[in-house]
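Architecture and fold: a report
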Number of protein chains: 2
Amino acid sequence: MERFQYHNPTKLLFGKGQLESLRTEIPRYGDRVLLLYGGGSIKANGLYEEVTALLADMQVTVVELSGVEPNPRLTTVQTGIDLVHEHQIDLILAVGGGSVIDCAKGIAAGAKYDGNPWDIVTRQVPVTDALPIGTVLTLAATGSEMNGGAVITNWEAQDKRSFGSPLTYPKFSVLDPTYTLSVPANQTVYGIVDIMSHVFEQYFHASENALLQERFGESILRTMMETAPRLVQNLNDFDARETMLLNGTFALNGTLSMGVKTDWATHMIEHAVSAVYDIPHGGGLAILFPEWLRYVGKTRPERIIQLGERVFGIDVNGKSDEVLVEETVQALQEFWTSIGAPSRLSDYEIDATHLELMAERAMVAEQIGQYVPLRQQDVSAILKNAL
Amino acid sequence: MERFQYHNPTKLLFGKGQLESLRTEIPRYGDRVLLLYGGGSIKANGLYEEVTALLADMQVTVVELSGVEPNPRLTTVQTGIDLVHEHQIDLILAVGGGSVIDCAKGIAAGAKYDGNPWDIVTRQVPVTDALPIGTVLTLAATGSEMNGGAVITNWEAQDKRSFGSPLTYPKFSVLDPTYTLSVPANQTVYGIVDIMSHVFEQYFHASENALLQERFGESILRTMMETAPRLVQNLNDFDARETMLLNGTFALNGTLSMGVKTDWATHMIEHAVSAVYDIPHGGGLAILFPEWLRYVGKTRPERIIQLGERVFGIDVNGKSDEVLVEETVQALQEFWTSIGAPSRLSDYEIDATHLELMAERAMVAEQIGQYVPLRQQDVSAILKNAL
């Protein structure tokens, strides 16, 4: 392992009825709340009513900011910051999925900084202070409810960037599976792919002696594979929603990345694809991860074979590395296809037209990734194989 | 799952050279430190020199309390409390294993309470405040470095009790495998058994739908089984020490017990045995756990079979539950014997003389345990089978 610090101060409030915990948690931080949410889903499923009734009963002053975008925008972050200042907000309560929580992190850090919040998002200025954040999660996917990271889009600059800080971990997160029951089929599938991809990005690390972290990653993958088929068959399966919610949180709360240099190349490539074509993140990952595995498997097959044996139950005896990598990739692709995820860029009618542009955009540095560092020609090849 | 809160605020500072982090961590809490440690081991391995030199260089005021017992005593806790008051201590720095850290928790909570600290240990009085604690861990075993629990012995009352509080989690814990290299063979084996037993106590829970928690437990068990044989062959194996250290922490930091009713009957039985015969805790667990499994396997075999299949690689096809439980128990017993752990009470020259006394002492309630609740006659039977 590499030397590391692990510190995750977020309090999880997990299970049916945990919304009531807001009564004890919110007053720790004050009585002026910015209620942040996205589109209409929390109005459709009744959560909006529940939250606002509870806040009213608590006699908390509430300022609302709705309409946070699926890829939260800098302009929305700025609107939130202005509201915080205008109304002397004590706490941001993000009710929604990863986008709403990410937006809350941008507002929380930006409100304590005098300049343009984009300076923080682009890491030109470090986060030195932030407003407290609480969350009520409605979608198992990004893990943002228990980490300090956020992705913010600058629409004018056509740029999407991520930042993170120990100061932007939510103070508390309410995880009641009830509020995820109404997530539609396609979003559910994207969430499954996203969670499994978060595991892969950390499982394919470039460090030594991370036995426990790898096995923890395999645990999440196995649990997701047991649960996902049941869930896509019956979106109202409470137990499956509950399992997925806990898995999503632990897939990206720092447990898997303790002491290892994580990869994340596939996320960079996917961000480039969805910046050019505006496809769903989870859909992009389902297409790209198998091709990434095939490509890096040529130079570094060992952990892919371990994945195949331990997670997909592939018998490794008497087979070449090449065969084992291919069997593993096919098993993953078949699994994702079986739950309704896409497998080719052509499923989104993406052809080779902008392939080089996407490859170029993915290159946030000379090389990306750690398990096998990739240059632009490698990324082009992966994209080509994914057409 | 049951409804749960998960909140673990301890900052882990893991890896070689992390002692230097004391320079940034200690000043957050003040400049008057109670340095708490046990016997001579940290003097023998040079850690005492390193810590005191660093504290001197930091110009921190240090008050020392040494001689914390392997089962830390209430009298030592009281001595520590008196020192805290006399010297207006800001932070307790516990350098040692679980006993030293547990003692620090007793002092930390007791120093903020006007009455007898035994009131806190026996849970007659809740912890409402506590001094901050930092730790430098020297033994992978109890997990006390990342949880709020402590076991304190009242020698006069011949009573050993445990308490826990969100306020007694260490603020930070330095985990440098270097300081565990000098742990002798027997202590290393007891640590391995203790860590695996902590997993069992939570793996054998009485709740539904805890797929991820069970797989996380299996991850720790598999990792320990891969690592332990290497380690007992070569106590200086740094990578194996590193792995064991991280496993010990995660075996009892709240991750495995999220949303489940955990068992802990075997620990209660072992505490009764070692209260009467003063045998090592890890040795007692190695003897008792297999017999507990055999006994509860008669009424509830399912999770034992799951353990056998997933952790010990037992082929479950075409075998009766009875056979599968027995194969699993034997596999565990053989593994523990292979690394040098005892397997019978007679290994400690314990016979049936005080069997009923031990069974009686184990009964802290009408029934103990959750996976299969046990009455006194059940405990007697388990002890008899372990002779």
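Keep in mind that what you see is a predicted model, and the values were worked out from it rather than measured.

Our focus in this paragraph is the overall build of chain A. Counting secondary structure elements, chain A contains 15 helices and 9 strands. Relative to its length of 387 residues, chain A is compact, with a C-alpha radius of gyration of 21 Å against a globular reference of 21 Å. Along the first, second and third principal axes, the C-alpha atoms of chain A reach 70 × 45 × 45 Å. Put simply, chain A has 387 residues, and 59% of those count as buried. Contacts spanning at least 24 positions in sequence make up 78% of the contacts within chain A whose residues lie at least 6 apart. Split by element, the accessible area of chain A, about 14,600 Å² in all, is 46% carbon and sulfur. Of note, chain A has its 29 positive side-chain charges centred 4 Å away from the centre of its 48 negative side-chain charges.

Turning our attention to the domain arrangement of chain A. All names here are of chain A. On domain assignment, one finds that chain A holds domain 1 (11-180) and domain 2 (185-385). The gap between the C-alpha centroids of domain 1 and domain 2 is 28 Å. Of the residues lining the interface, 19 residues belong to domain 1; the matching set on domain 2 comes to 19 residues. Counting across the domain 1 and domain 2 interface gives 3 residue pairs in polar contact (both at pLDDT 80 or more). Residues of the side of domain 1 that touches domain 2, tallied by class, amount to 9 nonpolar, 6 polar and 4 charged.

Further remarks concern the nonpolar core. By size, the foremost hydrophobic cluster in this structure holds 218 residues, and its most contacted members are Trp336(A), Leu374(A), Trp336(B) and Leu374(B). Leave out the neighbours within four places in its chain, and Trp336(A) touches Val193(A), Met196(A), Ser197(A), Phe200(A), Leu285(A), Ala286(A), Phe289(A), Pro290(A) and Ala341(A).

Now for the packing of helix 12 (residues 302-310) of chain A against helix 13 (residues 321-338) of chain A. Residue and element names in this part refer to chain A. As a packed pair, helix 12 and helix 13 sit with axes 9 Å apart at the nearest point and diverge in direction by 55°. Taken as axis vectors, helix 12 and helix 13 run oblique relative to one another. Relative to helix 13, helix 12 is oriented so that their crossing is left-handed. Counting all contacts with helix 12, which are made through Ile304, Ile305, Leu307 and Gly308, the residues of helix 13 involved are Asp321, Leu324, Val325 and Thr328. For the contact of helix 12 with helix 13, a count of residues per class yields 5 nonpolar, 2 polar and 1 charged.

With that settled, consider the relation of the copies chain A and chain B. Mapping chain A onto chain B calls for a screw motion: a turn of 180° about the axis and a shift of 0.0 Å along it, with 0.0 Å RMSD after fitting. Each copy turns onto its partner about a two-fold axis. The rotation axis passes nearest to the C-alpha of Pro9(A) in chain A, at a distance of 2.4 Å. When you check the interface residues of chain A against chain B, 100% turn up at the interface there too, and the contact is symmetric in its surfaces.

On to the sheet that holds strand 2 (residues 11-14) of chain A. If you trace the 7 strands from one edge of the open sheet to the other, you get 4(A)-3(A)-5(A)-6(A)-9(A)-2(A)-1(B), paired in mixed fashion. Of all the strands in the sheet, just strand 4 (61-65) of chain A together with strand 1 (4-6) of chain B have a single pairing partner and so form its edges. Each adjacent strand pair in this sheet contributes to an overall mean axis angle of 20°, direction not counted. Pairing between strand 3 (residues 32-37) of chain A and strand 4 of chain A: 5 bridges, direction parallel. Each bridged residue has a counterpart across the sheet, and for Val33(A) the counterpart in strand 4 of chain A is Val62(A). Relative to the sheet, helix 4 (residues 74-87) of chain A contacts strand 3 and strand 4 of chain A, its axis offset from that of strand 4 of chain A by approximately 160°.

Glancing now at the interface of chain A and chain B. At the interface, 39 residues of chain A touch 39 residues of chain B. Summing both partners gives a buried area of about 3,700 Å² for chain A against chain B, and 59% of it is carried by carbon and sulfur. Interface area lost by chain A to chain B is led by Tyr6(A), Leu212(A) and Arg215(A), which between them contribute 16%. Counting the contacts that link chain A with chain B gives 4 salt bridges. A salt bridge links Arg310(A) to Glu226(B); its shortest N-O distance comes to 4.0 Å.

Let us look at the sheet that holds strand 1 (residues 4-6) of chain A. A sheet is described by the order of its strands in space; here 7 strands give the open sequence 1(A)-2(B)-9(B)-6(B)-5(B)-3(B)-4(B), paired in mixed fashion. Strand pairing shows two members of the sheet lacking a second neighbour, strand 1 of chain A together with strand 4 (61-65) of chain B, which therefore form its edges. The average undirected angle you get between the axes of adjacent strands in this sheet is 20°. Sheet topology places strand 6 (residues 133-137) of chain B next to strand 9 (residues 172-175) of chain B; 3 bridges connect them, and they run parallel. The residue bridging Gly134(B) from the neighbouring strand is Phe172(B), located in strand 9 of chain B. The sheet strands contacting helix 9 (residues 238-250) of chain B are strand 1 of chain A together with strand 2 (11-14), strand 6 and strand 9 of chain B, and the helix crosses strand 2 of chain B at an angle near 170°.

Let us look at the pattern of salt bridges. All names here are of chain B. Applying the stated criterion across every chain, the model contains 34 salt bridges over all chains. Between Lys11 and Glu25 there is a salt bridge; the shortest N-O distance is 2.9 Å. Separated by 14 residues along the polypeptide, Lys11 in strand 2 and Glu25 in helix 1 (residues 22-25) bring together distant segments of the chain. For Lys11, a relative accessible area of 11% translates into the label buried. Note that Glu214 is salt-bridged to Arg303, the shortest N-O span being 3.6 Å.

All names here are of chain A. Two elements in contact, helix 11 (residues 281-297) and helix 13, have axes whose closest approach is 9 Å; the angle formed by their N-to-C orientations is 175°. The angle between helix 11 and helix 13 places the two elements in the roughly antiparallel class. Judged by residue contacts, Leu285, Ala286, Phe289, Pro290, Glu291, Leu293, Arg294 and Gly297 of helix 11 engage Val325, Glu326, Val329, Gln330, Leu332, Gln333 and Trp336 from helix 13. Across the contact of helix 11 with helix 13, the residue classes tally to 9 nonpolar, 3 polar and 3 charged.

Before going further, it helps to spend a moment on the UniProt feature "domain: Alcohol dehydrogenase iron-type/glycerol dehydrogenase GldA" (unreviewed entry) in chain A. Feature annotation in UniProt assigns "domain: Alcohol dehydrogenase iron-type/glycerol dehydrogenase GldA" (unreviewed entry) to the following positions: residues 9-177 of chain A. Secondary structure content for residues 9-177 of chain A is 30% helix and 25% strand, while the C-alpha to C-alpha distance between its ends is 22 Å.

To continue, consider unusual backbone geometry. Within the chain, Gln88(A) stands out as a residue other than glycine whose phi angle is a positive 45°. With respect to the helices, strands and loops of the structure, Gln88(A) is situated in the loop between helix 4 and strand 5 (91-96).

Along the chain, Glu242(A) turns up in helix 9 (residues 238-250). The class of Glu242(A) is buried, set by a relative accessible area of 4%. For the pair formed by Glu242(A) and Tyr37(A), sequence separation is 205 residues and the distance between their alpha carbons is 22 Å. In this structure Glu242(A) touches Phe14(A), Pro177(A), Met1(B) and Asn209(B), once residues within four positions along its chain are discounted.

Criteria and thresholds
Residues numbered from 1 in each chain as written. Chains lettered and ligands numbered in written order. Predicted model: local features only at pLDDT ≥ 70, side-chain atom pairs only at ≥ 80, totals over all residues. Heavy atoms only, no water. Helix = DSSP H or I, 4+ residues; strand = E, 2+ residues; numbered from the N terminus. Rg over C-alpha atoms; globule rule 2.2 N^0.38 Å. Buried < 20%, exposed > 50% of the residue type's maximum accessible area, 1.4 Å probe, protein only. Contact = heavy atoms within 4.5 Å. Areas by Shrake-Rupley, 256 points an atom, 1.4 Å probe, with all protein chains shown as cover. Lys, Arg positive; Asp, Glu negative; His and termini not counted. Charge placed at Lys NZ, Arg CZ, Asp CG, Glu CD. Domains from an automatic or database assignment. Polar contact = N/O pair within 3.5 Å; in protein donor to acceptor, adjacent residues only side chain to side chain. Nonpolar A, V, L, I, M, F, W, Y, C, P; charged D, E, K, R; others polar. Core = buried A, V, L, I, M, F, W, Y, C linked by side-chain atoms within 4.5 Å. Axes fitted to C-alpha atoms, helices over the stretch in contact; angles between N-to-C directions. Parallel < 35°, antiparallel > 145°, perpendicular 65-115°, else oblique. Left-handed = near helix turned anticlockwise from the far one by under 90°. Least-squares fit on C-alpha atoms with pLDDT ≥ 70 in both. Pairing = 2+ DSSP bridges. Buried area = accessible area lost by both parts, 1.4 Å probe. Salt bridge = Lys/Arg side-chain N within 4 Å of Asp/Glu carboxyl O. UniProt positions renumbered as here; feature names shortened; annotations may be inferred.

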